Amino acid sequence: MAEGAFIPARNDVPSYMLPMLNDSDRNLAYESAIREKIEAFTKTHGRAPHVLDLGAGTGLLTLMALKHGAARVTALEANETVQGMAADQIEASIAEMGCDPANCELICGLSVDLSKEGDGFDMVISELLGSMVNSESQYVYIWDLLMRGVVRNFGSREKPTFYTVPESGEMTLRLCSAPVATGIVTGIPYAPMTALYTAVYDRSFLAEKVRWVQDEEMRLCMADAATSLSDSVVVPREQYDAVSGGVQHPRSIELRVSDPSSFVFEQAVLVLEWSVQLSASVTLLHTLEHVAQLPPVVKTARSIQWGHLFAPLTECVPESNEVGKYRFSIAYRPDGLDVTAMSIPGVRALAPAAAAATPAAATTTVCAGTTVRKDEKRRRIALTPVSAAGSAASAGSDEVRIQHPELAKYVMATKMLAGQGVSSV
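Residues numbered from 1 in each chain as written. Predicted model: local features only at pLDDT ≥ 70, side-chain atom pairs only at ≥ 80, totals over all residues. Heavy atoms only, no water.

*Asks:* Run through the overall build of the protein, naming residues and quoting values.
*Replies:* Check the secondary structure of the protein and you find 12 helices and 24 strands. Across the 425 residues in the protein, those meeting the buried criterion constitute 53%. Long-range pairs, those at least 24 residues apart, make up 77% of the contacts in the protein between residues at least 6 apart in sequence. When the accessible area of the protein is evaluated, it comes to approximately 18,300 Å², of which 52% is carbon and sulfur surface. (Helix = DSSP H or I, 4+ residues; strand = E, 2+ residues; numbered from the N terminus. Buried < 20%, exposed > 50% of the residue type's maximum accessible area, 1.4 Å probe, protein only. Contact = heavy atoms within 4.5 Å. Areas by Shrake-Rupley, 256 points an atom, 1.4 Å probe, with all protein chains shown as cover.)

*Asks:* Help me get a handle on the sheet that holds strand 4 (residues 123–126), residues and values and all.
*Replies:* If you walk across this open sheet you meet the 5 strands as 3-2-1-4-5, and the pairing is parallel. A single partner strand is all that each edge strand has here, and the edge strands are strand 3 (104–108) and strand 5 (164–165). Bridge analysis of strand 4 against strand 5 gives 2 bridges, and the strand direction is parallel. Residue pairing across strands places isoleucine 125 opposite valine 165, the latter belonging to strand 5. (Pairing = 2+ DSSP bridges.)

*Asks:* Give me the lowdown on the nonpolar core, citing residues and values where you can.
*Replies:* Among the nonpolar cores identified, the biggest contains 88 residues, and Leu278, Leu313, Tyr326 and Phe328 are the most heavily contacted of them. Apart from the residues lying within four places of it in its own chain, the contact partners of phenylalanine 328 are Arg251, Ser252, Ile253, Leu255, Leu270, Leu313, Cys316, Val317, Val339, Thr340, Ala341 and Met342. Listed in part, the 7 residues of the second largest apolar core include Cys176, Ala178, Leu288 and Phe310. (Core = buried A, V, L, I, M, F, W, Y, C linked by side-chain atoms within 4.5 Å.)

*Asks:* Would you mind going over the side chain of serine 168 in detail, with residue names and values included?
*Replies:* Counting through the fold element by element, serine 168 comes out in strand 6 (residues 168–177). A distance of 3.3 Å separates a polar atom in the side chain of serine 168 from a polar atom in the side chain of arginine 237. Those residues in contact with serine 168 that sit more than four places away from it in its chain are Arg237, Glu238, Gln239, Tyr240, Val276 and Gln277. (Polar contact = N/O pair within 3.5 Å; in protein donor to acceptor, adjacent residues only side chain to side chain.)

*Asks:* So what's going on with the packing of aromatic side chains? Which residues, and what values?
*Replies:* Counted under the stated rule, the structure contains 8 aromatic pairs. Aromatic rings pair up to connect Phe41, Phe154 and Tyr163 into one cluster. (Phe/Tyr/Trp six-rings, centres within 6.5 Å; stacked < 30°, edge-to-face > 60°.)

*Asks:* How would you sum up helix 5 (residues 138–147)? Please name residues and give values.
*Replies:* Of all 10 residues that make up helix 5, 9 are buried, and the element is covered over most of its length. Among all positions in helix 5, only Gln138, Tyr139, Val140, Tyr141, Ile142, Trp143, Asp144, Leu145 and Leu146 are buried. In this fold, the buried residues of helix 5 make contact with strand 1 (50–54), strand 4, strand 11 (233–239), strand 12 (247–250), strand 18 (325–333) and helix 12 (404–419). Count one or two residues on from helix 5 and you reach glycine 149, which has phi positive near 80 degrees.

*Asks:* Quick rundown of helix 12? Include the residues and the values.
*Replies:* Residue pairs spaced three or four apart in an α-helix point in one direction, given the helix's 3.6 residues per turn. Between the first and last C-alpha of helix 12 there are 23 Å, a value that for 16 residues agrees with the 22 Å anticipated at 1.5 Å per step. Along helix 12, the residues classified as buried are Glu406, Leu407, Tyr410, Val411, Ala413, Thr414, Leu417 and Ala418. (Expected span 1.5 Å × (residues − 1).)

*Asks:* Which residues make up the packing of helix 2 (residues 24–45) against helix 3 (residues 60–67), and what values do they have?
*Replies:* Relative orientation of the contacting elements helix 2 and helix 3 amounts to 40 degrees, with a least axis distance of 9 Å. By the criterion of interaxial angle, the relationship of helix 2 to helix 3 is oblique. Once helix 2 is placed against helix 3, the crossing between them reads as right-handed. The segment helix 2 lies against helix 3, with Arg26, Asn27, Tyr30, Glu31, Ile34 and Ile38 engaging Leu60, Leu61, Met64, Ala65 and Lys67. Residue composition of the contact of helix 2 with helix 3, grouped by class: 7 nonpolar, 1 polar and 3 charged. (Axes fitted to C-alpha atoms, helices over the stretch in contact; angles between N-to-C directions. Parallel < 35°, antiparallel > 145°, perpendicular 65-115°, else oblique. Left-handed = near helix turned anticlockwise from the far one by under 90°. Nonpolar A, V, L, I, M, F, W, Y, C, P; charged D, E, K, R; others polar.)

*Asks:* Give me unusual backbone geometry: which residues, what numbers.
*Replies:* Here valine 165 and proline 166 are connected by a cis peptide whose omega angle stands at 10 degrees. If you trace the backbone, proline 166 turns up in the loop between strand 5 and strand 6. A cis amide bond links valine 235 with the next residue in sequence, proline 236, at an omega value of -5 degrees. Summarising the element assignment, proline 236 is placed in strand 11. Here the phi dihedral of serine 137 falls at roughly 55 degrees; this positive angle occurs in a residue that is not glycine. On the secondary structure map, serine 137 appears in the loop between strand 4 and helix 5.

*Asks:* Account for the confidence of the model for the protein, with residues named and values stated.
*Replies:* When the pLDDT values of the protein are averaged, the result is 77; 75% of them are 70 or greater. Within the model, pLDDT remains below 50 along residues 182–220, and this stretch shows 93 contacts once partners closer than five positions in the same chain are excluded. Below a pLDDT of 50 lies the segment residues 351–396, which in the model reaches 113 contacts outside its immediate sequence neighbourhood of four places, other chains included. (pLDDT = per-residue confidence, 0-100.)

*Asks:* Break down the environment of glycine 55 for me, with residues and values.
*Replies:* Of note, glycine 55 is situated in the loop between strand 1 and helix 3. Through-space distance from the C-alpha of glycine 55 to that of tyrosine 141 is 10.0 Å; in sequence the pair is 86 residues apart. Once residues within four sequence positions are removed from consideration, glycine 55 is found in contact with Leu76, Glu77 and Leu128.

*Asks:* So what's going on with the side chain of aspartate 23? Residues and values would help.
*Replies:* Relative to the helices and strands, aspartate 23 is located in the loop between helix 1 (17–20) and helix 2. Engagement of the side chain of aspartate 23 in a polar contact is seen with the backbone nitrogen of arginine 26, the distance being 3.1 Å. Once you skip the residues sitting within four places of it in the chain, aspartate 23 turns out to touch Val298, Ala301, Arg302, Gln305 and Trp306.

*Asks:* So what about the packing of helix 2 against helix 9 (residues 296–305)? Which residues, and what values?
*Replies:* It is the contact of helix 2 with helix 9, at a shortest axis distance of 8 Å, that shows an interaxial angle of 85 degrees. Taken as axis vectors, helix 2 and helix 9 run roughly perpendicular relative to one another. On helix 9, the residues touching Ser24, Asp25 and Arg26 of helix 2 are Val298, Arg302 and Gln305. Residue classes in the contact of helix 2 with helix 9 are distributed as 1 nonpolar, 2 polar and 3 charged.

*Asks:* Tell me about a nonpolar patch on the surface, and name the residues and values.
*Replies:* A surface patch of nonpolar side chains, about 220 Å² in accessible area, is lined by Val13, Leu18 and Leu21. Position of leucine 18 relative to the elements: it lies in helix 1. (Patch = residues over 30% accessible without salt bridge, like charges linked within 9 Å, V, L, I, M, F, W, Y side chains within 5 Å. Salt bridge = Lys/Arg side-chain N within 4 Å of Asp/Glu carboxyl O.)

*Asks:* Which residues make up the pairing of strand 15 (residues 282–286), and what are the values?
*Replies:* Because side chains alternate across strand 15, one face comprises the buried residues Val282, Leu284 and His286, and the other comprises Thr283 and Leu285, none of which is buried. Bridge analysis of strand 14 (residues 268–279) against strand 15 gives 5 bridges, and the strand direction is antiparallel. Residue pairing across strands places serine 279 opposite valine 282, the latter belonging to strand 15. Connecting the antiparallel pair strand 14 and strand 15 is a turn made up of 2 residues.

Written out as structure tokens, the structure reads:
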């Protein structure tokens, strides 16, 4: 299959969509950022902006933009069912707000099919986040709009100026100790499901129940009792208001356990977290510590819609080592990451005591369509189920920058797949 970006479903309502409206932490952050960005635009250009809401959903961000002074908002939503919900919600809310209905237009479709009109939109706002900042290929879709001039450049070709919400986002990996993990099954009435330590680390449970992928049926999140074992390392960073060098990531990272003497290898997990800079002064956090302090209703909504992707270190690296140092290679995908455990020259591995006493039989499990032997020394952690393109970089560089040809290839493949009725959901 061609390698494209995330393609949303064309109908039906995703199970996470309604609970996510209860995430007041997310909602208030976006409202503050949209207000700030519209005020900055109006002050600079002496007029209110025409705003494009990319992936409008039920119309929440559209209404925020109208509330805070947008001259006009075009709400673009690919899902016909959801767009119908948005139409009803926006119509009722506009009347209450006293806004002119003519200032809001709803379009059903993908942004890659949206043509430039006049000078283009003044601003693009979007919330296409997930367990990863690129779960729904937010950067690819925004980049395409900027490159084609659908969203206007107020600077020069050499120094472009775009108005976007968000402005940037970054994902981080770190090691944590987590004797208890929590999973929330979004398909069955939003009730928390707790898997205790023995279930999480039992090999048969892992093989049968958990494929370390992102899907629409389960979000895995950490228990509040999780404690950090290492510093967080950025993998990768996306810049949404840039058309050149907008995605950067290291070729590899090294995670060091802060206190190897108290380190319990079997309780360590590799955790993916993120933060998004929505505007100059507004940051949306999705870290374990931030989510843990949210009110119960908000925390539940956050866990259902996003959660935290994690994998036991025993599933990433077959053996512990005597210095508590682990290295992983990083490869960017338009809707995910490839994280592969690497050997470290000169570091001697120590097999866990239990494994030395009773060697586990070699078993296989399927991750993102790839069969992986559990006794292999190089392990691939598939953080999304979609196989997509890799990265482009100059030889010898420690940093990878995704180049224009790679992004253009994602966009063209996405248009082709979408035209064939393919959906990633």
